[in-house]
Amino acid sequence: MTRIRWKALLPALLLALLLAACQDGKNVSGVLEEIQTDDDGNLTAFVLKPAGSNKSVGVKMAEGTKVWPVGEGSWPSQEAVMADFLEDFQVGCQVSAWCYSRREKLETAEGERVPAYWAQIVDITGILEREAVTLRDGTALDMLEDPHFHDRTYRLADGTELLRVNDGGGPENRYVMGRESFDDLSETAKEKVRAYYEEQGLLYDEREELEKAYAAWKELGEDFACPLVGQDVTPAASSERIMYFTTSVTLPAEYDESVVTGLELCDAFDRETGERIDIPDLFAVPWEEVRRRLPELAGWRIDPAVAAEMAEALEPEWICFGQSELSVLFPAGSLPSNVIGQEGPPEEWKEPQAAGYHFSLDWQSIPEGFLQPWAIPKAPEDSGGAG
């Protein structure tokens, strides 16, 4: 069956509105344990195990119960939605139901009577795919995917979570309050910007991250904490001529601590033509002068020896244009000195930096003539944008 896919933002917003409108109700959510049908195969009830609870809860389907659509597309009939819903509705998936508050009883297949509620709206919040991935040693991993967003979790057959992935997709999926967005580009620019990010793809290897997480789990046992990896493209700023987007990559730095590392890359596009503009071309001075002066503009916050290293190491894509400031991010390991947590003079610092380092400059602190006037973002209060 071909599933109708929906934009992630629409179901989330509409669901929130519907739930807010339900004054008399109760939310029931958890892992699907049991499915009950009538003689014709129609769904009549199901049983959930809420997170952190050892007691099951039943949900009964009424004639007027609605199921929430999954994916992208125009709003179809409830019959089409139900067909898609039942395709993904299987034991082990995650389900949320908004129910009437009146409590009743439901008998499970094992004869246990559990508390139950009549459903108003039912939503699958996690679609389970058994043996979705096989690791190099032959171990099969299940995948639980949020159908409304770009989140998925890989786990062992016993439910142990190995890796969480948050892939926000292209720039058309992200909106920031008070900023212009992908929708504010011309149609020509939209096509070119979308094509650019499709070609860029993921900047990390998901399969390798899975292998590393599995190896860490075998080594650390109970001390293992499920790590997060992800990539997101977000509107960062805009001027009359330019639209800026930031690609943010999140990767685990250490598997036995809650430490993450990552990367932020900035891209600038002409908002009418969609042509990508190289970061050095946004400055009114030569690139070598940009590399030297940016650390100097940060002033007292940076040791002169470290500033010299920054000027030598700086890459154009590490400069990010924001609506209220310009940020410079040095990824972990990009500077010879460890500028975080060290004591004594820089010549005594032994280890390379363990985490990224960044500094920011508000636009008022950047001297006139340093940037092209058309590259300077509009002030936040002057920008339009979709919320």
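In this text, all values refer to a predicted model and were calculated from it rather than measured experimentally.

## As for the overall build of the protein chain
Reasoning step 1: Summing up its helical and strand segments, the protein chain has six helices and 17 strands in all.
Reasoning step 2: Restricting the contact set of the protein chain to residue pairs at least 6 apart, pairs at least 24 apart contribute 61%.
Reasoning step 3: Here the protein chain has roughly 19,800 Å² of accessible surface; of this, 48% comes from carbon and sulfur atoms.

## Some points on the state of the cysteines
Reasoning step 1: Scanning the model with the defined rule gives zero disulfides in all.
Reasoning step 2: No disulfide involves Cys266; its nearest neighbouring cysteine sulfur is the one of Cys320, lying 4.9 Å away.

## Remarks on helix H6 (residues 304–313)
Reasoning step 1: Considered for burial, the residues of H6 that qualify are Val306, Ala307, Glu309, Met310, Ala311 and Ala313.
Reasoning step 2: Those residues of H6 that are buried lie in contact with helix H5 (287–297), strand E16 (325–330) and strand E17 (357–362).

## Remarks on the confidence of the model for the protein chain
Reasoning step 1: In this model, the protein chain carries a mean pLDDT of 83, and residues with pLDDT of at least 70 account for 81%.
Reasoning step 2: Counting contacts from residues 71–75, a segment whose pLDDT is below 50, to residues more than four positions away or on other chains yields 18 contacts.
Reasoning step 3: Long-range and interchain partners of residues 256–260, a stretch whose pLDDT sits below 50, account for nine contacts in this model, where long-range means more than four residues apart.

## A word on the environment of Ala97
Reasoning step 1: With respect to the helices and strands, the residue Ala97 is situated in strand E5 (residues 94–99).
Reasoning step 2: For Ala97, a relative accessible area of 0% gives the class buried.
Reasoning step 3: Separated by 27 residues in the primary sequence, Ala97 and Ile124 have C-alpha atoms spaced 8.6 Å apart.
Reasoning step 4: Filtering out sequence-adjacent residues up to four positions away, Ala97 remains in contact with Lys26, Asn27, Val28, Phe46, Val59, Ile121 and Val122.

## Points about the packing of aromatic side chains
Reasoning step 1: Counted by the stated rule, this structure contains 13 aromatic pairs.
Reasoning step 2: Clustering of aromatic rings is evident, with ring pairs tying together Tyr244, Phe283, Phe321, Trp363 and Phe370.
Reasoning step 3: One residue, Arg241, lies across the ring of Trp374, its end atom 4.0 Å from the ring centre.

## Topic: the pattern of salt bridges
Reasoning step 1: Within the structure shown, the criterion is met by 19 salt bridges.
Reasoning step 2: One salt bridge in this structure joins Lys60 and Glu104, with 3.1 Å as the shortest N-O distance. Here Lys60 is found in strand E3 (residues 57–60), whereas its partner Glu104 is found in strand E6 (residues 104–107), with 44 residues between them in sequence.
Reasoning step 3: Owing to a relative accessible area of 14%, Lys60 belongs among the buried residues under this scheme.
Reasoning step 4: The class of Glu104 is partly exposed, set by a relative accessible area of 23%.
Reasoning step 5: Across the pair Glu172 and Arg194 runs a salt bridge whose closest N-O atoms are separated by 3.8 Å. Taken as a pair, Glu172 in the loop between strand E10 (161–169) and helix H3 (187–200) and Arg194 in helix H3 lie far apart in primary sequence, 22 residues in all.

## Things to note about the packing of H5 against H6
Helix-helix packing is characterised by the crossing angle of the two axes and by the distance between the axes.
Reasoning step 1: Remark: H5 packs on H6, axes separated minimally by 8 Å, with the N-to-C direction vectors making an angle of 145°. With respect to the hand of their crossing, H5 and H6 are arranged in right-handed fashion. On the side of H5, the interface is formed by Arg291, Arg292 and Pro295, while H6 contributes Ala307, Met310, Ala311, Glu312 and Ala313.
Reasoning step 2: A breakdown of the residues in the contact of H5 with H6 according to their chemical character gives five nonpolar, no polar and three charged.

## Concerning the pairing of strand E8 (residues 140–145)
Reasoning step 1: The sheet contact formed by strand E7 (residues 113–134) and E8 spans five bridges and is antiparallel. Residue Glu129 lies in a different strand from E8, and its bridge partner there is Met143.
Reasoning step 2: Between E7 and E8, which pair antiparallel one after the other, the connecting turn spans five residues, and Gly138 there sits at a positive phi close to 95°.
Reasoning step 3: With four bridges connecting them, E8 and strand E9 (residues 151–155) associate as antiparallel partners. Looking at E9, one finds that Met143 is bridged to Tyr154.
Reasoning step 4: The loop that links E8 with its antiparallel partner E9 comprises five residues.

What counts, and where the lines are drawn
Positions within a chain are numbered from 1, following the residues in the order the chain's sequence is written. Residue-level local features of this predicted model are given only where pLDDT is at least 70; pairs of side-chain atoms are given and counted only at 80 or more, and the full residue set underlies all totals for whole chains, interfaces and linings. Based on all heavy atoms of the structure, the side-chain values leave hydrogens and waters out of the count. The helix count covers DSSP runs of H or I at least four residues long, the strand count covers runs of E at least two residues long, and both are numbered beginning at the N terminus. Only heavy atoms matter for contacts: two residues are in contact if any of them lie within 4.5 Å across the pair. Using the Shrake-Rupley algorithm and a 1.4 Å probe, accessible areas are obtained, with residue cover drawn only from the displayed protein chains. Throughout, a disulfide means two cysteine sulfur atoms within 2.5 Å of one another. Exposure classes here rest on a 1.4 Å probe applied to the protein chains alone. A residue is buried below 20% of its type maximum, exposed above 50%, and partly exposed in between. A residue's pLDDT is the confidence the predictor assigns to it, expressed on a 0 to 100 scale. In this scheme Phe, Tyr and Trp rings, the latter by its six-membered ring, pair at centre separations within 6.5 Å, and the angle between planes marks the pair as stacked below 30 degrees, edge-to-face above 60, and tilted otherwise. Ring-over charges, as used throughout, are those where CZ of Arg or NZ of Lys falls within 6 Å of the ring centre and within 35 degrees of the ring normal. One side-chain nitrogen of Lys or Arg within 4 Å of one carboxyl oxygen of Asp or Glu is enough to make a salt bridge. Note on method: axes are straight lines fitted to C-alpha atoms, helices fitted across the in-contact stretch only, with angles between N-to-C directions ranging 0 to 180 degrees. Should the near helix be turned anticlockwise from the far one by less than a right angle, the crossing is termed left-handed; should it be turned clockwise, right-handed. Just so you know the grouping, Ala, Val, Leu, Ile, Met, Phe, Trp, Tyr, Cys and Pro go in nonpolar, Asp, Glu, Lys and Arg go in charged, and all remaining residues, Gly too, go in polar. The pairing criterion for strands is at least two bridges between them, as found by DSSP.

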